[in-house]
Amino acid sequence: MSLEEAARSVRENAYAPYSHFKVGAALRTPSGQVFLGCNVENVAYPEGTCAEAGAIAAMIAAGESQIAEVYVIADSPEPVSPCGGCRQKLAEFSTGDMPVTMATLDGAETTVNMRDLLPGAFATSHMKAS
Ligand code: THU
């Protein structure tokens with residue numbers, strides 16, 4: 001199954017009764033394993049989690065920690081753009097060359113690499129005592 005198909009499929013399971021905006025994310029690790037996530041909202045709005053965060057949590061729970069590529073899809077007019085927090089979360093487990101594909105349900109896609117998605121990302125190199 002392609003990352004696109006996987007992301008489309010898991011998006012259907014999103015719990016988004018407040019925004020009604022379902023998001024699906026599928027990431028592949030260098031070993032070839034695929035991990036999925038969808039957004040999970042909460043009546044206490046800030047407690048909701050993004051699709052990307054869910055996929056990352058599944059990857060870590062499985063004992064992997066490197067993202068080779070990621071695909072994010074939503075029913076949006078333009079390819080859905082990962083939020084700022086998710087960009088930082090993705091950067092934690094990837095290199096600057098990691099491709100991030102953003103998509104719409106209609107089939108529009110944009111791929112950018114992590115470096116361009118989050119220029120100047122906060123990294124361990126910014127911490128004096130790391
Ligand atoms: N959302 C994601 O899951 N990923 C993103 O990158 C953007 C936003 C979710 C969070 C919330 O449940 C809904 O989309 C509307 O913001």
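Quick note: structure is the one above.
Trainee: Sorry if this is basic, but what is going on with the pairing of strand β2 (residues 34-38) here?
Mentor: Two strands pair when backbone bridges link them, and strand β1 (residues 23-28) and β2 are joined in this way by five bridges, in the antiparallel orientation. By the bridge assignment for β2, A26 is matched with L36.

Trainee: What is the right way to look at the side chain of N39 in this model?
Mentor: Turning to its location among the elements, N39 is positioned in the loop between β2 and α2 (51-61). The class for N39 is buried, based on a relative accessible area of 6%. In this structure the side chain of N39 is engaged in a polar contact, spanning 2.8 Å, whose partner is the backbone oxygen of F21. N39 has contacts with A14, Y15, A16, F21, K22, V23, T49, C50 and A51, leaving out every residue within four places of it along the chain.

What counts and what doesn't
- Residues numbered from 1 in each chain as written.
- Predicted model: local features only at pLDDT ≥ 70, side-chain atom pairs only at ≥ 80, totals over all residues.
- Heavy atoms only, no water.
- Pairing = 2+ DSSP bridges.
- Helix = DSSP H or I, 4+ residues; strand = E, 2+ residues; numbered from the N terminus.
- Buried < 20%, exposed > 50% of the residue type's maximum accessible area, 1.4 Å probe, protein only.
- Polar contact = N/O pair within 3.5 Å; in protein donor to acceptor, adjacent residues only side chain to side chain.
- Contact = heavy atoms within 4.5 Å.

Without other data, these values stay purely geometric and don't point to any function.
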